[in-house]
Amino acid sequence: NAKLGPNCSVKGYAVKCKGLTQGLTSNLTMKNYTKTLVITDSKLHGLLASTIQNLTNLIILTVTNNILINVTENMFINCWYMTKLNLQNNSICNISQNAFNGLSYLNNLKLGHNPISYLPDNTLMVLSNLRWLNLSYTQLVYVSEGMFTNNSELTHLDFSSSWLSKLTDKSLLGLESMRVLLLSH
């Protein structure tokens, strides 16, 4: 059995935690067969990389309404099957260049409502199956040329209410399947 604590529940292959007061620690252990992990409304400062990396069958990870600050290098390196990652409504301001390594099947990434002001140039390169990207309500001011060169499957890109002030044709190179681009303020 997983050691989860009083604020977590297990239903099938899904683990849901709400209102964790001590955050995600090494004491929170889940079985490798966990497919969905939802952690909301907690005081989570950081994801314990070793816990996430051991969840090799994880398909959906939602960590919202917490106070995450960093998405570190290779945090998801063993999460080969993950298709949805939702890190909205946190305090993320730092994303390492290799943060999303291992997420080759990821098709939905939500980073909105975070004070992200910079994405390293090659951060999204490994996400060749990405279809939905939400960067709304971020502090991104510009998108570097070629940021999306390996994201030809991306159909929805949301920059609404972000601080984006410069976007050129070269910023959108590689977005051959783009159907929706949201830029409203």
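So, how was this worked out
- Residues numbered from 1 in each chain as written.
- Predicted model: local features only at pLDDT ≥ 70, side-chain atom pairs only at ≥ 80, totals over all residues.
- Heavy atoms only, no water.
- Helix = DSSP H or I, 4+ residues; strand = E, 2+ residues; numbered from the N terminus.
- Rg over C-alpha atoms; globule rule 2.2 N^0.38 Å.
- Buried < 20%, exposed > 50% of the residue type's maximum accessible area, 1.4 Å probe, protein only.
- Contact = heavy atoms within 4.5 Å.
- Areas by Shrake-Rupley, 256 points an atom, 1.4 Å probe, with all protein chains shown as cover.
- Lys, Arg positive; Asp, Glu negative; His and termini not counted.
- Charge placed at Lys NZ, Arg CZ, Asp CG, Glu CD.
- Pairing = 2+ DSSP bridges.
- Disulfide = S-S within 2.5 Å.
- Phe/Tyr/Trp six-rings, centres within 6.5 Å; stacked < 30°, edge-to-face > 60°.
- Lys NZ or Arg CZ within 6 Å of the ring centre and 35° of its normal.

1. Observations regarding the overall build of the protein
And then number 1: The helix and strand tally for the protein stands at one helix and 11 strands.
And then number 2: Helices and strands in the protein line up, N terminus first, as β-β-β-α-β-β-β-β-β-β-β-β.
And then number 3: Here the protein has a C-alpha radius of gyration of 16 Å; the compact-globule value for 185 residues is 16 Å, and the two agree.
And then number 4: Once the C-alpha set of the protein is aligned to its principal axes, its extents read approximately 50 × 25 × 25 Å.
And then number 5: When the 185 residues of the protein are sorted by exposure, 45% land in the buried category.
And then number 6: When contacts within the protein are restricted to residue pairs at least 6 apart in sequence, long-range pairs at least 24 apart make up 49% of them.
And then number 7: Counting every atom, the protein has about 9,100 Å² of accessible surface; 49% of that belongs to carbon and sulfur.
And then number 8: The distance from the centre of the 13 positive side-chain charges to the centre of the 8 negative ones in the protein is 17 Å.

2. With respect to the pairing of strand β4 (residues 60-64)
And then number 1: The element β4 is extensively covered by neighbouring structure, given that four of its five residues are classed as buried.
And then number 2: As paired elements, β4 and strand β6 (residues 84-86) share three bridges and run parallel to each other. In the sheet register, I60 faces β6, and the bridge partner there is K84.

3. Concerning the state of the cysteines
And then number 1: Taken as a whole, this structure holds one disulfide when the rule is applied.
And then number 2: Shown here is the disulfide that connects C8 with C17, its sulfur atoms set 2.1 Å apart. Handedness here is read from the sign of the S-S torsion; for C8 and C17, about 115°, the answer is right-handed. The exposure classification of C8 matches that of C17, with both residues buried.
And then number 3: No disulfide involves C79; its sulfur sits 16 Å from that of C17, the nearest cysteine.

4. Overview of the packing of aromatic side chains
And then number 1: A complete count under the given rule lists one aromatic pair for this structure.
And then number 2: Between F76 and F100, the aromatic rings sit 6.4 Å apart at their centres with planes inclined by 10°, giving stacked as the arrangement. With F76 in the loop between β5 (70-71) and β6 and F100 in the loop between β7 (94-95) and β8 (108-110), the pair connects residues that are 24 residues apart, well separated along the chain.
And then number 3: Using a relative accessible area of 0% as the deciding quantity, one classes F76 as buried.
And then number 4: K35 extends its terminal NZ or CZ atom over the ring of Y13, reaching a point 4.8 Å from the ring centre.

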